[in-house]
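For reference, the chains in residue letters:
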Amino acid sequence: MSEAGQARVVLVGNPNTGKSTLFNALTGLRQRVGNYPGVTVARKSGTCELADGQKVELVDLPGLYSLAAVSPDERVVVDALLGRVKNERVPDVVVVVCDATNLLRNLFLAAQIAELGLPMVIAVNQMDAAKTRGIEIDGPLLSYRLNGVPVVLLSAWKGEGITEVRRAVATGLRQKSTFPTVTWPDAIAKAVATVALAAERDTHQPVPGALAQRLLFDTAPTIAEAIGWTAEAREVPIRQAREQVRSSGLNPPAAEPMVHYARLREILEGVVRGVSRETATVAVDAILLHRIFGPLCFAAIMLGLFWSVFALAKLPMAWIQQGVDLTKAFAASYLVSTPMLQSLVADGVVGGVGAFLTFLPQILILFLFVGILEDSGYMARAAFIMDRLFSWCGLNGKSFVPLLSGFACAIPGLLSTRTIEDPKARLATAFTVPFMSCSARFPIYALMCAAFIGPRYGAFWESVAMVGMHVVGLAVAVPTAFILTRFILKVRPAPFVLELPRYQMPKPRDVIWRMWQNASEFVSKAGTLIFAITFVVWALTYFPRDPAVAERVRAESPQMNAEQVEARVQAAYVEQSWMGRFGKSVQPVFDPCGFDWKLTVGVLASFPAREVIVSTLGITYSLGEGSDANSEDLRSAMREAKWTEGSRVDTPIFTLPTVLALMIFFALCSQCGSTVATLAQEAGSWRWAAASFVYMTALAWIFATAVYQIGSKIL
Amino acid sequence: MNLDAVITTLAISAATLWLLRRLWLTLQARRKGRGCAGGCGCAAEKLADRR
Ligand SMILES: Nc1nc2c(ncn2[C@@H]2O[C@H](COP(=O)(O)OP(=O)(O)O)[C@@H](O)[C@H]2O)c(=O)[nH]1
Ligand SMILES: [Mg+2]
């Protein structure tokens, strides 16, 4: 990205201050923003044009509260500031993005960065929110007190003050003004010098005071490792230096914030006026985070959400269904002269991709609501409620963002485990993330709801089933986490640190963008993976075509009319196809779950990606019906499907126990190639990925079997 | 072989090759510890990087 001679500007700041929003405004890119911490976990760069026409490389970084970096995402920031990224120098200007409603705490990070001696620009963001809370900030005065470091007041989301940022960064690049460093008490200054000397002696390189401070104050070995100071070599000098600090009456870990905050309070004297009024948030949270009402509200909101998704999507789904049927009929009539191709296009591609695409409206509406809940700040609270449960069972306090993201898709969830310091706690969280009900499970749940639960029990129970499936994942994840953290990984419990975002009016632009992103994800999957797989599934279900099969069926059923005979011929062909034979030979494995051979192949074909089940069912049912017999949609075809052999012959395949067993199977099974690969990458070994795969698949089978067997007994 | 069979065979082989290539790319990208594995997040990632 960076061209030779281009200046590098980095965005640093506390989590959730609007760094990514500002990054997007300055570069025109569309990085993900979200109203909770931990959304950005890796560095991202883009090009930004400054007020003087100069083009610079702008880098968006994860958020952090202090340079005492311990978690992998925080280390990314420290590495960027120290210029320890491969082929990179130190940044030319650091833009510290602050939240105007909490300037003091935000400037603590700026004061730490000041010690590194890097030119700085202070961007005080979210001025709109500060104004509504009655907070006023005197930018020029702050700039004056900071030795002329440019200070910009802005509202990144509203786009106010962006030009001023472009101007301030240009000024910062020219002036190179630095935030004034603090005057350390003598004891600390001496201790820092002692550490620096010892480190220089051992590592044979200059160790600036800023690094020596980190070595002195921090418990995490980030800097020591970065400069290659071994644990044995540093132990004694650091301990002695800390003793020096202690003997002067200061407590080493507390000394740094104490000194910084004392000075920052002086600097901010008269700069920040007015007091924050946050009574509304407190009152609302008293209910939404209440021990009993909180979870009840959450359940009610989820029920309402799924209910509205089903209700609102009904009509558009019917339109898409009609569109698919029309395309199928059109393709079929157009390709009569080439029957094989006709079947490939109509039954295979249109049948398979169409069955999947019908769920687009539901996905759109689902993500519209999820986006609203996220942006308003409620989602973080819902996660907070869940998180109480998880921290009780030993997971890290920071596990909540990964688990929350996991509800949309496991991949970003796995990536955001990088915010967790303790590698063991990271691993335990990564292991539980795939249990969260991701949106790829939605189509099969929705198909089962629309085909069986809705028509028989109504919309309320449909929503209950959906909420239930999300709860099942959680219910299994909790004991899993418990066993992992207590007995296998032996994770030390971490202090619970969580800053809840404030409530805000959802921003239509962000919400719609999120919906759009997810919709295009869905459609692009339909156009690539699902599309390609339908060819293969069709071929395996169509071939071989032995004319003897047709003759035998015709001979066996002389008294039927032509159409019935044709349907039986098609069914017979499918049953003796490669897929049919394979499915039947594997079916005994899934027989205890109540799956017939078609469900069995559906389940097996879905191991690369769980959405494939819907298209596979679409193809097997469409092929088995006879090509141009005015084919019904998948849902009614499934409702009419009957067992063709065994003890359950001629009874419907899809009974409530089977439907529930299938849903539970998909709730728990590890059917996502990308998740397995990402888990392997984040855990650093394929062993954990393999363990997760085996564990989830086994659990899925056991739970599905239990549900089917118990269900069949009592219903 | 008739036209019907030829076209069908070609289409299926193309799809199969594409799937194999994709599998290969997934493993490749993951081994180098970067890139999306072609699953969720891929399209979103591309969109985010586009102006
Ligand atoms: N009111 C207000 N909200 C903002 C502003 N800038 C960002 N936000 C919101 O703050 C939240 C966090 O933004 P994000 O850019 O992801 O923060 P990051 O974690 O620092 O990258 C999102 O909900 C944004 O919509 C602003 O200027 N005013
Ligand atoms: Mg961000």
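Note that the coordinates shown come from a computational prediction; the quantities given were computed from them, not determined experimentally.

**Things to note about the overall build of chain B**
Point 1. When helices and strands are tallied, chain B shows 2 helices and 0 strands.
Point 2. Taking all 51 residues of chain B together, 35% fall into the buried category.

**Things to note about the overall build of chain A**
Point 1. A tally of helices and strands in chain A yields 31 helices and 8 strands.
Point 2. If one aligns the C-alpha atoms of chain A with their principal axes, the spans along those axes are about 105 × 50 × 50 Å.
Point 3. Within chain A, the proportion of its 715 residues that are buried is 58%.
Point 4. Of the contacts made within chain A by residues no fewer than 6 positions apart, 74% connect residues no fewer than 24 positions apart.
Point 5. Counting every atom, chain A has about 29,200 Å² of accessible surface; 62% of that belongs to carbon and sulfur.
Point 6. Across chain A, the centroid of the 64 positively charged side chains sits 4 Å from that of the 58 negatively charged ones.

**Some points on a nonpolar patch on the surface**
Point 1. On the surface, W686 of chain A together with L17, L20, L23 and L27 of chain B cluster together into a nonpolar patch covering about 530 Å² of accessible area.
Point 2. The element best represented in the nonpolar patch is helix α1 (residues 3-31) of chain B, accounting for 4 residues.
Point 3. Checked against the element boundaries, L17 of chain B lands in helix α1.

**Notes on the site of ligand 1**
Residue and element names in this part refer to chain A.
Point 1. The environment of ligand 1 is made up of 20 residues, and the closest members are K19, S20, T21, D128 and K507.
Point 2. Within the side chain of S20, an N or O atom sits 2.8 Å from an oxygen atom of ligand 1.
Point 3. At 3.2 Å, a side-chain N or O of S155 approaches an oxygen atom of ligand 1.
Point 4. Burial of ligand 1 by the protein amounts to 96% of the accessible area it has alone, namely 580 Å².
Point 5. Counting residues per element, the shell around ligand 1 draws most heavily on helix α1 (residues 19-27), which supplies 3 residues.
Point 6. Tallied by class, the residues present in the shell around ligand 1 amount to 3 nonpolar, 12 polar and 5 charged.

**Regarding the coordination of the magnesium ion (ligand 2)**
Residue and element names in this part refer to chain A.
Point 1. At the metal site, the magnesium ion (ligand 2) is ligated by S20 (OG) and T40 (OG1), and these contacts range over 2.0 to 2.1 Å. Here T40 lies in the loop between α1 and β2 (44-49) and S20 lies in helix α1, a separation of 20 residues in the sequence. Assigned by exposure class, S20 and T40 land together as buried.

**Regarding helix α11 (residues 252-268) of chain A**
Residues and elements named next belong to chain A.
Point 1. Between the first and last C-alpha of α11 there are 25 Å, a value that for 17 residues agrees with the 24 Å anticipated at 1.5 Å per step.
Point 2. Buried within α11 we find P252, A255, E256, V259, H260, R263, L264, I267 and L268.
Point 3. Just downstream of α11 lies G270, where phi reads positive at about 80 degrees.

**Regarding the domain arrangement of chain A**
Residues and elements named next belong to chain A.
Point 1. Each assigned domain of chain A is listed with its residue range as follows: domain 1 (8-175), domain 2 (196-249) and domain 3 (294-491 + 511-715).
Point 2. For domain 1 versus domain 2, the separation of C-alpha centres amounts to 28 Å.
Point 3. At the junction of the two partners, domain 1 supplies 11 residues and domain 2 supplies 11 residues.
Point 4. Taken as a group, R75, R84 and E115 account for 44% of the area that domain 1 buries against domain 2, more than any other trio of residues on that side.
Point 5. The tally of links between domain 1 and domain 2 comes to 1 salt bridge.
Point 6. With a shortest N-O distance of 3.7 Å, E225 and R75 are connected by a salt bridge.
Point 7. Examining the composition of the side of domain 1 that touches domain 2, we find that 3 residues originate from one element, helix α2 (residues 72-82), more than from any other.
Point 8. Here the side of domain 1 that touches domain 2 is composed, by residue class, of 7 nonpolar, 1 polar and 3 charged.

**Overview of the packing of aromatic side chains**
Residue and element names in this part refer to chain A.
Point 1. The final tally for this structure, using the stated rule, is 19 aromatic pairs over all chains.
Point 2. For the pair F482 and F487, a centre-to-centre distance of 6.3 Å together with 80 degrees between the ring planes defines the contact as edge-to-face.
Point 3. For F487, a relative accessible area of 54% corresponds to the exposed category.
Point 4. Plain terms: the ring middles of F595 and F665 are 5.9 Å apart, the flat faces sit at 80 degrees to each other, and that makes the pair edge-to-face. Of the two residues, F595 sits in the loop between α25 (578-590) and α26 (597-605) while F665 sits in helix α29 (residues 656-668), which places them 70 residues apart along the sequence. The residues F595 and F665 share a single accessibility class, namely buried.
Point 5. Within the aromatic cluster, the residues linked to one another by ring pairs are F431, F435, W688 and Y695.

**Some words on the pairing of strand β4 (residues 93-99) of chain A**
For a regular strand, the rule is simple: side chains alternate between the two faces of the sheet.
Residue and element names in this part refer to chain A.
Point 1. A large share of β4 lies buried, amounting to 7 of its 7 residues.
Point 2. Examined bridge by bridge, strand β1 (residues 8-13) and β4 share 5 bridges and lie parallel to one another. By the bridge assignment for β4, L11 is matched with V95.

**Side note on the sheet that holds strand β3 (residues 55-60) of chain A**
All names here are of chain A.
Point 1. Reading across from one edge, β2-β3-β1-β4-β5-β7 is the order of the 6 strands in this open sheet, with mixed pairing throughout. In the strand order of this sheet, the two ends are held by β2 and β7 (151-153), each with one partner. Here the strands of the sheet are splayed against their neighbours by 25 degrees on average, with no regard to which way each runs.
Point 2. Pairing geometry for strand β5 (residues 120-125) and β7, over 3 bridges, is parallel. Bridge assignment links V124 to a residue of β7, and that residue is L153.

**Looking at the packing of helix α13 (residues 293-334) of chain A against helix α21 (residues 459-488) of chain A**
Residues and elements named next belong to chain A.
Point 1. For the pair α13 and α21, interaxial distance at closest approach is 8 Å and the crossing angle is 125 degrees. Taken together, α13 and α21 sit at an angle that is classed as oblique. Of the two possible hands of crossing, α13 and α21 adopt the one that is right-handed. From α13, M302, L303, F306, W307 and F310 reach across to α21, where they touch A459, F460, E462, S463, V464, M466, V467 and H470.
Point 2. Of the residues belonging to the contact of α13 with α21, the class tally is 10 nonpolar, 2 polar and 1 charged.

The rules behind these values
- Residues numbered from 1 in each chain as written.
- Chains lettered and ligands numbered in written order.
- Predicted model: local features only at pLDDT ≥ 70, side-chain atom pairs only at ≥ 80, totals over all residues.
- Heavy atoms only, no water.
- Helix = DSSP H or I, 4+ residues; strand = E, 2+ residues; numbered from the N terminus.
- Buried < 20%, exposed > 50% of the residue type's maximum accessible area, 1.4 Å probe, protein only.
- Contact = heavy atoms within 4.5 Å.
- Areas by Shrake-Rupley, 256 points an atom, 1.4 Å probe, with all protein chains shown as cover.
- Lys, Arg positive; Asp, Glu negative; His and termini not counted.
- Charge placed at Lys NZ, Arg CZ, Asp CG, Glu CD.
- Patch = residues over 30% accessible without salt bridge, like charges linked within 9 Å, V, L, I, M, F, W, Y side chains within 5 Å.
- Salt bridge = Lys/Arg side-chain N within 4 Å of Asp/Glu carboxyl O.
- Near = heavy atom within 4 Å.
- Polar contact = N/O pair within 3.5 Å; in protein donor to acceptor, adjacent residues only side chain to side chain.
- Nonpolar A, V, L, I, M, F, W, Y, C, P; charged D, E, K, R; others polar.
- Donors = N, O, S within 2.8 Å, 3.2 Å for Na, K, Ca; no water.
- Expected span 1.5 Å × (residues − 1).
- Domains from an automatic or database assignment.
- Buried area = accessible area lost by both parts, 1.4 Å probe.
- Phe/Tyr/Trp six-rings, centres within 6.5 Å; stacked < 30°, edge-to-face > 60°.
- Pairing = 2+ DSSP bridges.
- Axes fitted to C-alpha atoms, helices over the stretch in contact; angles between N-to-C directions.
- Parallel < 35°, antiparallel > 145°, perpendicular 65-115°, else oblique.
- Left-handed = near helix turned anticlockwise from the far one by under 90°.

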